Amino acid sequence: NRILQDCDVAIVMIDAEKGFTNQDRDIIRKVIKLGRGLLIAVNKWDLIKKNTMSQNIFHQDIIDSYPALVHYPLIFISILQNLRVRKVLKETLKIYLERKRQVKTNELVKFIQQATQKYSPPAVKGKNISIKYCTQVHHSPPVFAFFTNHPQLIPINYIRYIENNLRNYFGFSGVPIKISFRMSK
């Protein structure tokens with residue numbers, strides 16, 4: 001636990017022979033909860049009998065069992081064969097830089113206008129919800145504050161929509177994003 005608290009980016013090694021285990025899932029959950037960058041490395045890939053679809057199938061199995069991992073890079077490596085080991089370092093640096101990235105408020109305002117134009121916040125309990133603006137209040141990990149007239153009424157599926165669109169618009173691959181909705185003044 002202390003190691004995870006002290007790091008900026010965690011590389012979680014999955015044994016290709018054992019597959020994606022509950023222990024892997026628990027470690028990944030802790031990394032994301034602590035707001036650390038995450039890279040998933042599937043080791044011993046050289047020992048797996050494979051065809052042209054093996055990587056895609058393995059990756060999809062992981063995504064099916066933990067859907068949030070679609071936003072985190074996954075690399076197939078072999079320490080023994082020195083296969084893609086340098087790529088792990090390059091990806092780790094990218095994630096580190098993404099985690100420290102600060103998005104300007106005017107870019108976030110443009111994003112919010114596009115996102116709400118495409119799919120406006122639903123009316124809840126007869127109240128229309130409008131998102132006035134957004135700002136990034138912290139980095140490492142990125143925390144975004146959305147100011148709205150009814151922050152407590154934002155449904156979870158709309159929060160996911162905003163997070164997915166934030167990632168599509170700005171990136172943040174390998175980085176957990178935290179979103180809060182606050183009362184606009």
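Located above this text is the structure these notes cover.
## Quick notes on the side chain of R99
For step 1, the next point in the chain: Turning to its location among the elements, R99 is positioned in helix α4 (residues 85-100).
For step 2, the next point in the chain: At 3.1 Å, the side chain of R99 forms a polar contact with the side chain of D8.

## Comments concerning the packing of helix α5 (residues 105-118) against helix α6 (residues 156-170)
For step 1, the next point in the chain: At their nearest, the axes of α5 and α6 sit 11 Å apart, and the two run at 125° to each other. What the angle tells us is that α5 and α6 run oblique. Crossing angle aside, the handedness with which α5 passes α6 is right-handed. Residues E107, L108, K110, F111, I112, Q114, A115, T116 and K118 of α5 form the contact with α6, whose participating residues are Y158, Y161, I162, N165, L166, Y169 and F170.
For step 2, the next point in the chain: Tallied by class, the residues present in the contact of α5 with α6 amount to ten nonpolar, three polar and three charged.

## Remarks on the environment of N168
For step 1, the next point in the chain: Tracing the backbone through its elements, the reader meets N168 in helix α6.
For step 2, the next point in the chain: By relative accessible area, which is 66% here, N168 ends up exposed.
For step 3, the next point in the chain: Each C-alpha atom, one on N168 and one on P155, is 20 Å from the other, the two residues being 13 residues apart in sequence.

## Comments concerning the pattern of salt bridges
For step 1, the next point in the chain: All chains considered together, the criterion is met by seven salt bridges.
For step 2, the next point in the chain: For D15, the salt bridge is made with K44, and the minimal N-O distance between the two is 3.1 Å. Of this pair, D15 sits in strand β1 (residues 9-15) while K44 sits in the loop between β2 (37-43) and α3 (54-65), and the two are 29 residues apart along the sequence.
For step 3, the next point in the chain: Two residues, E163 and R167, come together in a salt bridge whose shortest N-O distance is 3.3 Å. Remark: R167 and E163 occur in helix α6; sequence separation between them is four residues, near one turn of the helix.
For step 4, the next point in the chain: Residue E163 is classed as partly exposed on the basis of its relative accessible area of 22%.
For step 5, the next point in the chain: Judged by relative accessible area, R167 falls into the buried class, the value being 7%.

## Brief notes about the sheet that holds strand β5 (residues 143-148)
For step 1, the next point in the chain: The strand order across the open sheet built from three strands is β4-β5-β6, with neighbouring strands paired in mixed fashion. One side of each edge strand has no neighbouring strand; the edge strands of this open sheet are β4 (131-138) and β6 (178-183). Direction aside, neighbouring strands of the sheet carry axes that sit 25° apart on average.
For step 2, the next point in the chain: Inspection of the sheet shows β5 paired to β6 by six bridges, in the parallel sense. Looking at β6, one finds that V143 is bridged to K178.
For step 3, the next point in the chain: Packing of α5 onto the sheet brings it into contact with β4 and β5, and relative to β4 it is tilted by some 135°.
For step 4, the next point in the chain: Docked against the sheet, α6 engages β4, β5 and β6, running at close to 125° with respect to β6.

Definitions and limits used
- Residues numbered from 1 in each chain as written.
- Predicted model: local features only at pLDDT ≥ 70, side-chain atom pairs only at ≥ 80, totals over all residues.
- Heavy atoms only, no water.
- Helix = DSSP H or I, 4+ residues; strand = E, 2+ residues; numbered from the N terminus.
- Polar contact = N/O pair within 3.5 Å; in protein donor to acceptor, adjacent residues only side chain to side chain.
- Axes fitted to C-alpha atoms, helices over the stretch in contact; angles between N-to-C directions.
- Parallel < 35°, antiparallel > 145°, perpendicular 65-115°, else oblique.
- Left-handed = near helix turned anticlockwise from the far one by under 90°.
- Contact = heavy atoms within 4.5 Å.
- Nonpolar A, V, L, I, M, F, W, Y, C, P; charged D, E, K, R; others polar.
- Buried < 20%, exposed > 50% of the residue type's maximum accessible area, 1.4 Å probe, protein only.
- Salt bridge = Lys/Arg side-chain N within 4 Å of Asp/Glu carboxyl O.
- Pairing = 2+ DSSP bridges.

Spatial relationships are all this shows, so hold off on functional conclusions.
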